[in-house]
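Chain by chain, the residues:
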Amino acid sequence: MDSYVKQVELGGVKVRLDNRLKVGEKLLDDIFKINSLQKCRLYKEILVVFDTDNAFKYFTKNPPRGLAFLEKDLDIVAPDEPRKKGIGIGNIKAKNEWDYAVYIPKISGQEWKKCIPYFISALAHELEHVRIMINDLDFHRFTSWMYKLFEESRMKCKLQTYELPWEKHCYKMGKLVAIKICGEKDFDEKIIEYADLLKKHNSDHADVVESLWKLDYSYKTYKEGWFDILKRKTGQFCQEQKKELSRLYRDDTCRGKKFVQRFNLQDFIGAEA
């Protein structure tokens, strides 16, 4: 095991922690406690990687600020050496020890000292994706595929990715956790300051951070039935995009894309339009 990788318990959850950025474990413990992953049925460790690079920056129009994925989808998430290196060759070799993973690149991870509320929200956001995976893996795969459609501008719908129902839910959870740890005043001040900094660098991510600051959230985000509510909102959205999703699903199936082979579109939108 690499010197910066160790097995720890955070918030009652067994974690394989690849802490290349040396993020404080007390802070991580607080984040895990509030995310309540200890209440989920987990059979193995969760892999958490804080990278000293942005290993996915060359493969997407908007470099990801964080990723959450299943070990069984590693072949899709990390098909080449740069992405494998980001996740960690040792972690990939030890894949039998973990089943879910969160990857935080340097661009987000370095903010754990400079803008703690943003860092907390980014990590808590990805941990919420893990909670969704645990509840319904097919739903996670379907929404991940849909997210990619929007990211690649293949959808005619003009929503931004951060406005999609499941993404908005995860942003709400990220904001909730950050405010519980930092307080609302500190969250507002630091997030506004970070958004202004991003604007100065002409970063598209400034819009995402501003939307996070403005986002309505509630301490009832964890209320009973949260996942049923999320699936219903996503289902309503998908019905409006049914024809387009059916067409794109057929296209990706014909092209032999792996991700569409791992869920059934009709489970989420009904019979093809």
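Attention here is on the structure that accompanies the text. Please read these numbers as outputs of a predicted model, since none were measured by experiment. Counting from 1, residues in each chain are numbered in the order their sequence is written. Under the rules for a predicted model, residues below a pLDDT of 70 receive no local features and side-chain atom pairs below 80 are neither given nor counted, while totals for whole chains, interfaces and linings still include all residues. Derived side-chain values reflect all non-hydrogen atoms in the structure, with water molecules and hydrogen atoms excluded from consideration.

Section: the overall build of the chain
This is how the line gets drawn: Runs of H or I in DSSP of at least four residues are treated as helices and runs of E of at least two as strands, each being numbered from the N terminus. Put simply, the radius of gyration uses C-alpha atoms, and a globule should come to 2.2 Å times the residue count raised to 0.38. Burial classes: relative accessible area under 20% of the type maximum marks a residue as buried, over 50% as exposed, and values in between as partly exposed (1.4 Å probe, protein chains only). Pairs of residues are marked as contacts when any of their non-hydrogen atoms sit within 4.5 Å. We get accessible surface area from the Shrake-Rupley algorithm with a probe of 1.4 Å; when it comes to residues, only the shown protein chains can shield them. We treat Lys and Arg as the positive residues and Asp and Glu as the negative residues; His and chain ends play no part in the count. For this purpose, a charge sits on NZ of Lys, CZ of Arg, CG of Asp or CD of Glu.
Within the chain, the regular secondary structure consists of 14 helices and five strands. Against the globule reference of 19 Å for 273 residues, the chain gives a C-alpha radius of gyration of 18 Å, in line with a compact fold. With the C-alpha coordinates of the chain rotated into their principal frame, the extents come out at 50 × 40 × 40 Å. Counting all 273 residues of the chain, 53% fall into the buried class. Counted over contacts in the chain with a minimum sequence separation of 6, partners at least 24 positions apart contribute 75%. Summed over all atoms, the accessible surface of the chain reaches about 13500 Å², with 48% contributed by carbon and sulfur. Of the side chains in the chain, 50 bear a positive and 43 a negative charge, and the two mean positions are spaced by 1 Å.

Some points on helix α1 (residues 25–35)
For α1, the tally of buried residues reaches eight of 11 residues, placing the bulk of the element in the interior. Looking only at α1, the buried set comprises Leu-27, Leu-28, Asp-29, Asp-30, Ile-31, Phe-32, Ile-34 and Asn-35. As for α1, its buried residues are in contact with β1 (5–10), β2 (13–19), β3 (45–50), α6 (111–114), α7 (116–135) and α9 (165–182). Immediately beyond the C-terminal end of α1, within one or two residues, lies Ser-36, with a positive phi of roughly 60 degrees.

Structural notes on the nonpolar core
Note the threshold: Side-chain atoms within 4.5 Å link the members of a nonpolar core, which is a set of buried Ala, Val, Leu, Ile, Met, Phe, Trp, Tyr and Cys residues.
In terms of nonpolar packing, the biggest core is built from 51 residues, with Ile-31, Phe-50, Phe-119 and Leu-123 touching the most fellow members. The dominant element in this core, judged by the number of residues it contributes, is α7, at nine residues. Aside from chain neighbours lying at most four places away, what touches Phe-50 is Leu-17, Asp-18, Asn-19, Arg-20, Leu-21, Val-23, Leu-28, Ile-104, Phe-119 and Leu-123. Formed by 26 residues, the second largest nonpolar core is a distinct cluster that contains Phe-139, Leu-230, Val-260 and Leu-265.

Observations regarding the packing of α9 against helix α12 (residues 226–240)
Note the following rule: Fitting a line to C-alpha atoms yields each axis, with helices limited to the stretch in contact; the angle taken between N-to-C directions then spans 0 to 180 degrees. Each residue gets one of three labels, nonpolar for Ala, Val, Leu, Ile, Met, Phe, Trp, Tyr, Cys and Pro, charged for Asp, Glu, Lys and Arg, and polar for the others, Gly among them.
Where α9 contacts α12, the two axes come as close as 8 Å, and the packing angle between them is 145 degrees. Between α9, through Pro-165, Trp-166 and His-169, and α12, the contact on the second element is made entirely by Trp-226, Leu-230, Lys-233, Thr-234 and Phe-237. Residue composition of the contact of α9 with α12, grouped by class: five nonpolar, two polar and one charged.

Comments concerning the environment of Lys-231
The following threshold applies: Polar contacts, as used here, are pairs of N or O atoms within 3.5 Å; protein pairs need one atom able to donate a hydrogen and one able to accept it. Residues neighboring in sequence count only if both atoms are side-chain atoms.
Along the chain, Lys-231 falls in helix α12. A polar side-chain atom of Lys-231 sits 2.9 Å from a polar atom in the side chain of Asp-136.

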